[in-house]
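If you want the building blocks of each chain, they are given just below.
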Amino acid sequence: MKGILVEIGIAMVLLLVGCASNESDFGERFKNPPDEFKPMPFWHINGEMTTESIRQQMKDARELGGFSGISVLPLAPKKDGRPGTTPKFLSEEYLLRFQDVLDNAEELDMQVVLYDDNDFPSGMAGGKIGELFPQHTMKRLDKVEKEATGPKQFTDQVPEGKLLSAVAMNVQSLERIDLSSYIEEGKLNWEVPAGDWKIMYFPMVVDSHHKAFPVVDYLDTTAVREMIRLTYDKYYERFGSYFGNTIKTTFFDDVGFWKHPRTWTGLFNEKFVQLNGYDPSPYYPALWYDIGPETESVRNAFFKTRAELLAEGFPKLVGEWAKAHGVKDTGHPPGNYDPTPIDMNADIFKFFRHTAMPLTDAIIAYQFGQDGHKLISSAADYYDRPVVSTEIYGAYKENTMDSLMLYRSVMDLLVRGVNFVVPHGLWYNPDEVYISPLVSPYSEKLAPALPAYSEFVGRACMLLQGGKRVADIGMFYPFEELAGWYRFEHPDNPRQGFFVSPETDYLEISGLLTNDIRQDFTFIHPEYFLDEKYDIEEGIVSLNNEENSQEYKAIIISGCKVISYKTLEKIRDFYVQGGLVISTTQLPFKSSEKGEDSKVIERIQEIFGVDPLSFDMSKTHDNSNDNGGHSVFIPQPKEKNLSEAIARHIVADVQFLPEPSLATDIGKFSYIHKIKDNRHIYYFSNSSDETIETEVVLRGKINPENWNPHNGTSSKIENVSHFEENGQQFTKGKLYLKPVSSTFWISP
């Protein structure tokens, strides 16, 4: 017995020593963060690469900038004479210089992020796709339209290109007639019935390009495989021994529809039938016109098909290649933060289905697209991906960029789920920067700030990568509304990524929740909501992930007319079991499934107690059931009415007393809460020019310490107290943040 007690005593001592060691190691890693968490900027090669210059610039990036890696971004020469990269991309001489990069990276203990092409967008293979495989370049859907008044005989030459559909549509009744059976040997012969008719051909043609070279057909797996063979395989054949060590990450850029909103592919119709169960040919006019009650559901079928083709094309094949070669892929489509994905990236959730590290492109200007960045981290949440990347600062005007801006932008992204940073960036010739700003040791403005910035990013990303994010609210990504509204070449379309219905308000709600109400949330894709991964029990929706599991006590349906009736049925079950459902701006009444509008109306009546076709959408409306379920329709969502509606069912995870009110829009104050390795990790960010002084109330009983990511120090939080209210434990402490500063509160 004595021997057993001695063994137990030794085991306990070892356990305590191990815990102390882990605590010490955790604190040391925070003070001196590992390189894997530090920034790894783009290195734009705008000149002739030489062994000597490569060595010196990488040494400076490491020692003067604090950067732990670089992404070599070769550039194509510009038409106005601005230099590109020499030697020529993937030539023998270029590969020798890339070997220099790898040799120096090994010597300097740096990583090399493998940028996959010669300039952006990815998919040009440095011009080889257009040169060797012109049949595999990007395609475009056109509409060639003529008018005829019947009765009369109509004879016409079919336009060039692969004809995907030919349809006549009566201007008054919207009746449509499939004309394919009237076409022989490239000519249409058709007896036009009485009335005014639009005769429309829908040919697919080879598209132009907006960079130096034609781009691959992203939606065609055969084409993408050829692109991979010309680029990714070429790198691996030459540098395979570096994959998984010096090269741990690949990067793709702007894969999508930027400047090509009508991107199409040859097997589109076959994929449409497979997914939707009917022939799309008679429905092609819906891509340009209202065709009657089925318009929105048909558009959903078209744009869902295109989203699947893109998701299973470039990003899937590149993601599979990366995994097979021992690395992780990151990158982004265009407009990943814009109000509509339809003409930019098809569907941001589906796009990242196979990407190891989803990335948000935080560019153009400070806070541009800010309310959309949560889409990318929400997609990562659904797929249980621990790392969310950002490409940041690109195209910020040089005169807006200073050392404070380095922090403002990245802090705003950290609270939105980002935890890996790719600054934009270094330039090989810093005197000829043509995409500002210069984030480099050669920038007189920024150089002194870079080492501390790199350490800050490393500390923050070390704490925020992985774990479980605490969010009580799920908000539906209104894909069906966005797809049902969108049509090609509409005269009121202001610019790509921004053509949405007047009811669309989901990004505005995103901003209210993060910046004003300060309650974290997660976007939910309505199609994925039907998965078994989401279950409902006692008025709580659970996202059942292995690591990043979440529980939502409230569901928000942002403004929309169109929604899936199947999604609404699951929302109804949540409401019936006692959940809170909030709708804003517009109650839906049309189904994304053909012929099912009545089911949407019935489900809305069951949840909200009103008929959406006759209800006055200018009035607030409440409904409830005997199980404690509650629904609220808010016609004009603002901070006050939305926060009050949420507070009826949710005791906030984090509260601020008083709630800070910022005088300007320069910067924000917000937070993110994660649970990682059994620690509660709260990150509070103040990117504004104002001092924040408030009391923080945390749900639960914890004893947090203050960890400062700006200098690596930790300290006790003064006057922490605990109290109980309605059976719930809470922790209270004071928070003080200077302008453009942040801190972590971490439980032991």
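This text follows the structure it describes.
Note that the structure is a prediction, hence the values are computed from the model and not measured. (Residues numbered from 1 in each chain as written. Predicted model: local features only at pLDDT ≥ 70, side-chain atom pairs only at ≥ 80, totals over all residues. Heavy atoms only, no water.)

Trainee: Describe in detail the sheet that holds strand β36 (residues 728–737), supporting the description with residues and values.
Mentor: What the four strands build is an open sheet, ordered β29-β32-β36-β35; its pairing is antiparallel. Strand pairing shows two members of the sheet lacking a second neighbour, β29 (654–657) and β35 (721–725), which therefore form its edges. The mean inter-strand angle of the sheet, taken between neighbouring strand axes irrespective of direction, is 30°. Summarising the sheet, β29 and strand β32 (residues 692–699) pair through four bridges and their orientation is antiparallel. Paired with L657 across the two strands is E695, which belongs to β32. (Pairing = 2+ DSSP bridges. Helix = DSSP H or I, 4+ residues; strand = E, 2+ residues; numbered from the N terminus. Axes fitted to C-alpha atoms, helices over the stretch in contact; angles between N-to-C directions.)

Trainee: Mind laying out helix α5 (residues 221–230), listing which residues take part and the relevant values?
Mentor: The complete set of buried residues in α5 reads A223, V224, M227, I228 and L230. The buried side chains of α5 occupy one side of the element, clustering within an arc of 165° when seen end-on. Among the structural elements, α4 (128–132), α6 (232–239) and α9 (314–324) are those in contact with the buried residues of α5. In this structure D220 caps α5, since a side-chain oxygen of it lies 2.9 Å from the backbone nitrogen of T222. (Buried < 20%, exposed > 50% of the residue type's maximum accessible area, 1.4 Å probe, protein only. Arc of directions from axis to C-beta. Contact = heavy atoms within 4.5 Å. Polar contact = N/O pair within 3.5 Å; in protein donor to acceptor, adjacent residues only side chain to side chain.)

Trainee: So what's going on with the packing of aromatic side chains? Which residues, and what values?
Mentor: This structure, assessed with the given rule, holds 64 aromatic pairs. Centre to centre, the rings of F202 and Y284 are 5.4 Å apart; their planes meet at 40°, and the pair counts as tilted. Taken together, the positions of F202 in strand β9 (residues 187–206) and Y284 in the loop between α7 (268–276) and α8 (295–311) put the pair 82 residues apart, joining distant regions of the chain. In this pair, the class of F202 matches that of Y284, namely buried. (Phe/Tyr/Trp six-rings, centres within 6.5 Å; stacked < 30°, edge-to-face > 60°.)

Trainee: Please provide a residue-by-residue account of the nonpolar core, values included.
Mentor: In this structure, W43, F98, W264, L406 and F744 are the most contacted members of the largest nonpolar core, which totals 182 residues. Looking at this core element by element, the count peaks at nine residues for helix α13 (residues 450–464). In this structure L406 touches Y393, M401, V439, L446, A449, L450 and Y453, once residues within four positions along its chain are discounted. The next biggest cluster of nonpolar side chains, apart from the first, holds 17 residues, and it includes L75, V113, M357 and L359. (Core = buried A, V, L, I, M, F, W, Y, C linked by side-chain atoms within 4.5 Å.)

Trainee: If you had to explain the environment of N118 to someone new, which residues and values would you point to?
Mentor: Within the secondary structure, N118 is located in the loop between β3 (111–115) and α4. For the pair N118 and Y552, spaced 434 residues apart in sequence, the C-alpha to C-alpha distance is 44 Å. In contact with N118, not counting residues within four places along its chain, are P74, L75, A76, F89, M124, G126 and F213. A polar atom in the side chain of N118 sits 3.5 Å from the backbone oxygen of P74. A polar side-chain atom of N118 sits 3.3 Å from the main-chain carbonyl oxygen of L75.

Trainee: I'd like a description of the environment of F351, backed by residues and values.
Mentor: Take F351: it is sitting in helix α10 (residues 348–351). When the C-alpha positions of F351 and A379 are compared, they lie 9.2 Å apart, and in sequence the two are 28 residues distant. Sequence-distant contacts of F351, that is, excluding residues within four places in its chain, are made with F252, V255, L310, A311, P315, H332, P333 and N345.

Trainee: So what's going on with the packing of helix α12 (residues 403–414) against α13? Which residues, and what values?
Mentor: Helix packing for two helices is described by the angle between their axes and how far apart those axes are. It is at 11 Å that the axes of α12 and α13 come closest, and there the two elements cross at 5°. Taken together, the axis directions place α12 and α13 in an arrangement best described as roughly parallel. For the pair α12 and α13, contact is made by L406, Y407, V410, M411 and L414 and by L450, A452, Y453, F456, A460, C461 and L464, respectively. (Parallel < 35°, antiparallel > 145°, perpendicular 65-115°, else oblique.)

Trainee: Before we move on, could you go through the side chain of R299 and cite the residues and values that matter?
Mentor: Tracing the chain through its elements places R299 in helix α8. One buried charged residue, R299, forms no salt bridge at all, with the nearest opposite charge on E296 at 5.4 Å. Sequence-distant contacts of R299, defined by excluding residues within four places in its chain, comprise A286, Y289, D290, A483, G484, W485, Y486 and R487. (Lys, Arg positive; Asp, Glu negative; His and termini not counted. Salt bridge = Lys/Arg side-chain N within 4 Å of Asp/Glu carboxyl O.)

Trainee: Pulling in residues and values, what's your account of the sheet that holds strand β20 (residues 534–537)?
Mentor: Spatially, three strands are ordered β20-β21-β22 in an open sheet, and the strand pairing comes out antiparallel. Pairing within the sheet leaves two strands with one partner each, and these edge strands are β20 and β22 (550–552). Ignoring strand direction, the axes of neighbouring strands in this sheet form an average angle of 25°. Relative to β22, strand β21 (residues 540–543) runs antiparallel, the two sharing three bridges. Bridge pairing in β22 links V541 to Y552. Strands in contact with helix α16 (residues 565–576) are β20, β21 and β22; relative to β20, the strand with the most contacts, it is inclined by about 30°.

Trainee: Any details on the pairing of strand β10 (residues 249–253)? Residues and values, ideally.
Mentor: Of all five residues in β10, five are buried, a share of seventy percent or more. Neither face of β10 is left uncovered, since the one carrying T249, F251 and D253 and the one carrying T250 and F252 both have all their residues buried. Relative to β10, β3 runs parallel, the two being bridged by three bridges. The residue bridging L114 from the neighbouring strand is T250, located in β10.

Trainee: Please set out α9 residue by residue, giving values where relevant.
Mentor: One turn of the α-helix equals 3.6 residues, which is why residues spaced by three or four share an orientation. The complete set of buried residues in α9 reads F314, P315, L317, V318, G319, W321 and A322. On its buried face, α9 is in contact with α5, α6, β10, α8, β12 (328–332) and α10.

Trainee: Give me the lowdown on the side chain of S443, citing residues and values where you can.
Mentor: Inspection of the secondary structure assignment puts S443 in the loop between β16 (426–427) and α13. A polar contact of 3.2 Å, which involves the side chain of S443, links it to the backbone nitrogen of L446.

Trainee: Which residues make up unusual backbone geometry, and what are the values?
Mentor: A cis amide bond links T86 to the next residue, P87, at an omega of 5°. With an omega dihedral of 5°, the bond running from G150 to P151 counts as a cis peptide bond. Checked against the element boundaries, P151 lands in strand β5 (residues 144–157). With a phi angle near 55°, E489 is a residue other than glycine that sits in the positive phi range. Inspection of the secondary structure assignment puts E489 in the loop between α14 (479–485) and α15 (506–517). One non-glycine residue with positive phi stands out, namely D677, at about 50°. Among the structural elements, D677 can be located in the loop between β30 (669–676) and β31 (679–686). D677 sits in the exposed class, given a relative accessible area of 64%.

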